[in-house]
Amino acid sequence: MVDIFTPEQRSHIMSQIRGRDTKPELALRSMLHRMGYRFTVNGPKNKRLPGRPDVVLPKHGTVVFVHGCFWHGHENCADFKMPKSRRAWWKAKICGNKARDERVQAELRVLGWHVVTIWACALKNIHARMWLEARMPSLIGPQPVEEVISETWKVAEDETPYRVNS
Ligand SMILES: [Zn+2]
């Protein structure tokens, strides 16, 4: 079978494919665990709710998605660059993913869930994780959902994490 991707693209895809138990998800779980949150990653709600949330915190009525910056098209993020070849194909693919993310979040809000999206870049190094951990209670606790889901993170080249208002 002829591979339609270059080896470089292929390895990028393989590293970015959304799956369970990815490194950023594990980093998030260990952070939540250390902070004393009770959550599920493989419970009925994780399996049945729209979009199959990565983490469900039933007591808080909160669901969390960990989004890979490439696959979910994290704008203004150093970890997201549209591939140069097959650009139209990638653009359609990533736009489709983003549209699906929005639809899923809307469905969850209708069901009364508080939706938190955490970009993988907010978990990729110790500085980013410390920054995220400090904000975790306000993300997970009661807060207008709209504020939460519009939050995105970016880790700058010098690895000083900061918030991007989008
Ligand atoms: Zn990112």
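Residues numbered from 1 in each chain as written. Predicted model: local features only at pLDDT ≥ 70, side-chain atom pairs only at ≥ 80, totals over all residues.

## Digging into the overall build of the chain
Now for step 1: Helix and strand counts for the chain stand at six helices and five strands.
Now for step 2: Secondary structure of the chain in N-to-C order comes out as α-α-α-β-β-α-β-α-α-β-β.
Now for step 3: Sorting the 166 residues of the chain into buried and exposed places 27% on the buried side.
Now for step 4: Within the chain, contacts between residues at least 6 apart in sequence are counted, and of these 60% link residues at least 24 apart. (Helix = DSSP H or I, 4+ residues; strand = E, 2+ residues; numbered from the N terminus. Buried ≥ 20, exposed ≤ 12 C-beta atoms within 10 Å, placed from the backbone. Contact = placed C-beta atoms within 7 Å.)

## Looking at the nonpolar core
Now for step 1: Val64, Ile118, Trp119, Cys121, Ala122 and Leu123 are the most contacted members of the largest nonpolar core, which totals 26 residues.
Now for step 2: For this core, the secondary-structure elements that each account for two or more residues are α2 (23-34), β1 (55-57), β2 (62-67), β3 (114-119) and α5 (126-140). (Core = buried A, V, L, I, M, F, W, Y, C linked by C-beta atoms within 7 Å.)

## Here's the deal with the pairing of β2
Now for step 1: Within β2, six of the six residues are buried, leaving the element largely enclosed by the surrounding structure.
Now for step 2: Residues Thr62, Val64 and Val66 line one face of β2 and the alternating positions Val63, Phe65 and His67 line the opposite face, and both faces are buried.
Now for step 3: Two elements, β1 and β2, share three bridges in a ladder whose sense is antiparallel. Looking at β2, one finds that Val55 is bridged to Val64.
Now for step 4: Hairpin connection between β1 and β2: a loop of four residues separates the two successive antiparallel strands, and Gly61 in this loop has a positive phi of roughly 60 degrees.
Now for step 5: Two elements, β2 and β3, share six bridges in a ladder whose sense is parallel. Bridging from a neighbouring strand, Thr62 pairs with His114 of β3. (Pairing = 2+ DSSP bridges.)

## Details of α2
Now for step 1: With 12 residues, α2 should reach 16 Å at 1.5 Å per residue; the first-to-last C-alpha distance of 17 Å fits that figure.
Now for step 2: Of the residues making up α2, those classed as buried are Pro24, Glu25, Ala27 and Leu28. Buried residues of α2, viewed axially, fall in a sector of 160 degrees; they line one side. Along α2, exposed side chains directed more than 90 degrees from the buried face belong to Lys23, Ser30, His33 and Arg34. (Expected span 1.5 Å × (residues − 1). Arc of directions from axis to C-beta.)

## What about the environment of Lys91?
Now for step 1: Note that Lys91 resides in helix α4 (residues 87-110).
Now for step 2: Owing to 13 C-beta atoms within 10 Å, Lys91 belongs among the partly exposed residues under this scheme.
Now for step 3: Sequence separation between Lys91 and Gly73 is 18 residues; the distance between their C-alpha atoms is 9.1 Å.

## Concerning the confidence of the model for the chain
Now for step 1: Looking at the chain, pLDDT values average 82 and 73% of them are 70 or higher.
Now for step 2: The element-level mean pLDDT for the chain is lowest in strand β4 (residues 151-155), coming to 40, with α4 highest at 96.
Now for step 3: In this model residues 143-166 is a low-confidence stretch, pLDDT under 50, and it forms 45 contacts with partners more than four residues away in sequence or in other chains. (pLDDT = per-residue confidence, 0-100.)

## Some details on the sheet that holds β3
Now for step 1: Spatial ordering of the open sheet is given by β1-β2-β3, a layout of three strands whose pairing is mixed. Each edge of the open sheet is held by one strand with a lone partner, namely β1 and β3. Direction aside, the axes of adjacent strands within the sheet are offset by 20 degrees on average. (Axes fitted to C-alpha atoms, helices over the stretch in contact; angles between N-to-C directions.)

## Some remarks on the pairing of β3
Now for step 1: β3 sits mainly inside the fold: six of its six residues count as buried.
Now for step 2: Neither face of β3 is exposed, since His114, Val116 and Ile118 on one face and Val115, Thr117 and Trp119 on the opposite face are all buried.
Now for step 3: Regarding the hand of the β-α-β motif, the stretch spanning β2, α4 and β3 is right-handed. (Right-handed = clockwise from strand over helix to strand, strands pointing away.)

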